[in-house]
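# Breakdown of the fold
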Amino acid sequence: RSFGLVDATGSLVAVMSFSLQNGIAVLDRFATSVSVPGGFSKLLKHFEIVCNPRRVVTFSDCEVSDGFLYEQNGFRFDRFIRPDYKYVVNGKREHKFGFRKIRFERDPDLLFDSSATENELAKLNGLGKVWDSGKVRWVKTFD
């Protein structure tokens, strides 16, 4: 489910999207095209009224956020998620799931050795790794 805010001209300026299953919502994305003071809290409140979730879960990326916005809106720190990596392919970051062992085996443009691990195959193919700074999981529970 997605919800948005429009400005006086009818232009979409903020969007918040959720996935919802069994009363538990995951706040997947919040994006704005301009500064929208109060936009996050307005969209979250509207979602809570319309969908009546038991719990909302979301994540902050430690590289860009301290999670204060979530705290201001009733979320509590749940846990730290350790740093993770992406591969660097032709100068671009690509998610590691795109380079599981089966990819190396099936892709004719990649070198493959059946006795090698994913990490060894990545090195064999000259793929670098870039690590992030971890994430924080935030939870808002409703009684």
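Bear in mind that the values here come from a model prediction, so they are computed numbers and not experimental data.

What the protein contains, in helices and strands, is four helices and nine strands. Secondary structure elements of the protein occur, N-terminal to C-terminal, as β-β-β-α-β-α-β-β-β-α-α-β-β. Whereas a compact globule of 143 residues would reach a radius of gyration of roughly 15 Å, the protein reaches 20 Å, over 25% beyond that. Its C-alpha atoms put the protein at 55 × 40 × 25 Å along the principal axes. For the protein, with 143 residues in total, the buried portion stands at 31%. Relative to all contacts within the protein whose residues are 6 or more apart in sequence, the contacts with residues 24 or more apart total 58%.

Let us now look at helix 1 (residues 39–51). The end-to-end C-alpha separation of helix 1 is 18 Å, in line with the 18 Å expected for 13 residues at 1.5 Å each. Regarding helix 1, the residues found buried are Gly39, Phe40, Leu43, Leu44, Phe47, Glu48 and Cys51. What you see down the axis of helix 1 is that its buried residues fit within an arc of 160 degrees, all on one side. In helix 1, those exposed residues whose orientation departs by more than 90 degrees from the buried face are Lys42 and Ile49. On its buried side, helix 1 packs onto strand 1 (2–6), strand 2 (12–21), strand 3 (24–32), strand 4 (55–61), helix 2 (68–72) and strand 9 (135–141). One or two steps after helix 1, the chain reaches Asn52, where phi turns positive at roughly 50 degrees.

On to the pairing of strand 6 (residues 85–89). Where strand 6 meets strand 8 (residues 128–131), four bridges bridge the pair, whose relative direction is antiparallel. Note that in strand 8 the partner of Tyr87 across the bridge is Lys129. For strand 6 and strand 7 (residues 92–95), the ladder comprises four bridges, and the chain directions are antiparallel. What sits directly across from Val88, in strand 7, is Arg93.

Criteria and thresholds
- Residues numbered from 1 in each chain as written.
- Predicted model: local features only at pLDDT ≥ 70, side-chain atom pairs only at ≥ 80, totals over all residues.
- Heavy atoms only, no water.
- Helix = DSSP H or I, 4+ residues; strand = E, 2+ residues; numbered from the N terminus.
- Rg over C-alpha atoms; globule rule 2.2 N^0.38 Å.
- Buried < 20%, exposed > 50% of the residue type's maximum accessible area, 1.4 Å probe, protein only.
- Contact = heavy atoms within 4.5 Å.
- Expected span 1.5 Å × (residues − 1).
- Arc of directions from axis to C-beta.
- Pairing = 2+ DSSP bridges.

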